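Secondary and tertiary structure notes
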Amino acid sequence: MAALACLAATVVVTLTFEAVRDEQARLMIRASATLVVVEELEVAAKVLVTTTQAAVNGLETPERLAEATGRRHIVPALDALEKLVAEQPSLLEQLQQLRPLLVGMVEAAERTREALAAGRAEEARRLAAPLQTQSMDLAMALLEEMEGAESEILMQREASWRRAAVTGLVVFGVATLALLLLMLAAARTVRTEMRERERLAGALEAQLGLQQQLMAIVGHDLRNPLAAIKTQVALLARAHDLADPQREDLARITSNARRMERLIRDLLDFTRLHAGVELPVTPVETDLVALVRRATSDLGRDAEDRVTVEGRGDVGGAWDPDRLEQVAANLVSNALKHGPPRRPIRVLIEGHGQEVALSVTDEGGALDAAEQSTLFEPFRGTPAGQAEPGASVGLGLYVVRRIAEAHGGRVAVDSAAGRGTTFTVRLPRGRAPRAGPPAAGG
């Protein structure tokens, strides 16, 4: 009877410890996701202010300002942040102060763009002035306060997890000792099994912590300097006295910066999805053929020389243009990296009733069924021997699938000897929202 009681106590303590650890792990993931979204808002606000001032000073066009006004980036990020901090009254109160500031900055940038487009330069300067004054400072201060508060909460949760682990181990040790005295053989079996579970759980926690740290580095320490690099290269490219080799060097820098930006965005999207936050999409009426051509041109000279883009039938619809540019860029860059060198790549956009299909075809070799079944999984490399070392972290096709699903669509691959490999994304046409503020750049 005493042995059964000890065994029951061991089971209860173990289950309780597992429940506490799982809950703390969930809270830690949510806190890390909150930090990522706060950093994303901080970067978006800085890009908004920088681009607006550049446009007012004649260094950027109103069209470029339209792309950076932030409504498609800042507003969805605010909505995602509100869901993440819904159970934290202090952060929710700060968010309620932050939202009107950032939305006001977006609206000021949009009015500035409209004034510039109409040729009213003085009015544009007046409208852009608040972006560099108290509103911007207060918004940045609130973002920093939220980031600091969430970092403190994350530390407290880590400490709580450690206390729970220590408590659980102590109680478990006492129960194990009692079982050793009463039923040595059974106690050995239980102890061995629990140690293995602890080892696997510790390895999983370490992997999760490392991954979250990596995402924070990517989101904060790489994205800000990358934005500065792109801005400076764009300014240098406007010089009239550059020789052709210098312009080619600037073009290579721009191409690599865009590639790095796509990689960063894929990593941040993976972090958001891994934390259980859906990808935000803002559908607007979109010319899919023009969008794909624009995404292809951003991939550099190799893409311009090898890729052809063709549209057939009615290819109109309402989708998130930023997200579909991400899809097109990932699929075409995948074909450039893993298809035969210097061979053509064909992009075909076709309308089929209530959906539109975007297909990317290269002349590469056939993929077997086992490879095709895992192509869209995260951190899944391409078949051995086909990818250059360090060419990818294996997130591009995973992000493509999740973006297609966020639009209500799907993605598939067809590969066979003699006809190459084709990735096809099928998207319902969708409809743009009838109410609410217009999308940035519209």
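Note that the coordinates shown come from a computational prediction; the quantities given were computed from them, not determined experimentally.

Conventions we followed
- Residues numbered from 1 in each chain as written.
- Predicted model: local features only at pLDDT ≥ 70, side-chain atom pairs only at ≥ 80, totals over all residues.
- Heavy atoms only, no water.
- Buried < 20%, exposed > 50% of the residue type's maximum accessible area, 1.4 Å probe, protein only.
- Patch = residues over 30% accessible without salt bridge, like charges linked within 9 Å, V, L, I, M, F, W, Y side chains within 5 Å.
- Areas by Shrake-Rupley, 256 points an atom, 1.4 Å probe, with all protein chains shown as cover.
- Salt bridge = Lys/Arg side-chain N within 4 Å of Asp/Glu carboxyl O.
- Helix = DSSP H or I, 4+ residues; strand = E, 2+ residues; numbered from the N terminus.
- Pairing = 2+ DSSP bridges.
- Axes fitted to C-alpha atoms, helices over the stretch in contact; angles between N-to-C directions.
- Contact = heavy atoms within 4.5 Å.
- Left-handed = near helix turned anticlockwise from the far one by under 90°.
- Nonpolar A, V, L, I, M, F, W, Y, C, P; charged D, E, K, R; others polar.
- Expected span 1.5 Å × (residues − 1).
- Bend = angle between axes of the 7 residues up to and from the residue.
- pLDDT = per-residue confidence, 0-100.
- Core = buried A, V, L, I, M, F, W, Y, C linked by side-chain atoms within 4.5 Å.

Despite not being glycine, Arg342 has its phi angle at roughly 60°, a positive value. Given the relative accessible area of 74%, Arg342 is considered exposed.

The next point concerns a nonpolar patch on the surface. Judged by side-chain polarity, Val166, Val170 and Val174 come together as a nonpolar surface patch covering roughly 270 Å² of accessible area. Structurally, the position occupied by Val166 is in helix 6 (residues 134-182). By relative accessible area, which is 51% here, Val166 ends up exposed.

In this section: the sheet that holds strand 6 (residues 410-416). In space, the 5 strands of this open sheet follow the order 2-4-5-7-6, with mixed pairing throughout. Sheet topology places strand 2 (307-312) and strand 6 at the edges, where each strand pairs with a single neighbour. Shown here is a sheet whose adjacent strand axes are inclined to one another by a mean of 15°, direction ignored. Of the strands in this sheet, strand 2, strand 4 (345-352) and strand 5 (355-362) touch helix 9 (residues 288-297), which is tilted by about 175° from strand 2.

So, about the pattern of salt bridges. In total, this model carries 14 salt bridges according to the counting rule given. Here Arg426 ties to Glu355 by a salt bridge, and the two come within 3.6 Å at their closest N and O atoms. Remark: Glu355 occurs in strand 5 and Arg426 occurs in strand 7 (residues 420-428); sequence separation between them is 71 residues. Its relative accessible area of 30% is what places Arg426 among the partly exposed residues. Counted as one network, the salt bridges with shared partners bring together Glu310, Arg312, Arg346 and Glu350.

Remark: helix 11 (residues 321-338) packs on helix 13 (residues 396-406), axes separated minimally by 9 Å, with the N-to-C direction vectors making an angle of 145°. Seen from above, helix 11 lies across helix 13 with left-handed handedness. Judged by residue contacts, Arg323, Gln326, Val327, Asn330, Leu331 and Asn334 of helix 11 engage Gly396, Leu397, Val399, Val400 and Ile403 from helix 13. Of the residues that constitute the contact of helix 11 with helix 13, the class distribution is 6 nonpolar, 4 polar and 1 charged.

A few words now on helix 4 (residues 89-117). Helix length check: helix 4 (29 residues) gives 42 Å between terminal C-alpha atoms against 42 Å at 1.5 Å per residue, within 8%. Considering bend angle alone, the principal kink of helix 4 is centred on Leu98 and spans about 25°; proline Pro100 follows within four residues of it. Just beyond helix 4, the residue with positive phi is Gly119, at close to 85°.

A few words now on the confidence of the model for the protein chain. Considering every residue of the protein chain, the mean pLDDT works out to 76; 73% of them sit at 70 or more. The least confident element of the protein chain, judged by mean pLDDT, is helix 2 (residues 62-68) at 63; the most confident is strand 5 at 93. For residues 382-391, every residue scores under 50 in pLDDT, and the model assigns this stretch 12 contacts once sequence neighbours within four places are set aside. Per-residue pLDDT stays below 50 along residues 434-442; that stretch engages in 16 contacts with residues further than four places along the chain or on separate chains.

Before going further, it helps to spend a moment on the environment of Leu226. Looking at the secondary structure, you find Leu226 in helix 7 (residues 184-237). Not counting residues within four places of it along the chain, the set of residues in contact with Leu226 comprises Ala257, Met260, Glu261 and Ile264.

Before going further, it helps to examine the environment of Gly148. In this fold, Gly148 is placed in helix 6. Gly148 gets classed as partly exposed once you look at its relative accessible area, which sits at 39%. With 113 residues separating them along the chain, Gly148 and Leu35 place their C-alpha atoms 9.1 Å apart.

This brings us to the nonpolar core. Core analysis: the largest hydrophobic core is formed by 44 residues, its most contacted members being Leu331, Val347 and Ile349. If one sorts the elements of this core by residue count, helix 11 sits on top with 8 residues. Look past the residues within four positions of Ile349 in its chain and what remains in contact with it is Leu288, Val289, Val292, Val309, Glu310, Gly311, Arg312, Val315, Val356, Ala357 and Leu358. Formed by 24 residues, the second largest nonpolar core is a distinct cluster that contains Ala33, Leu48, Ala77 and Ala80.

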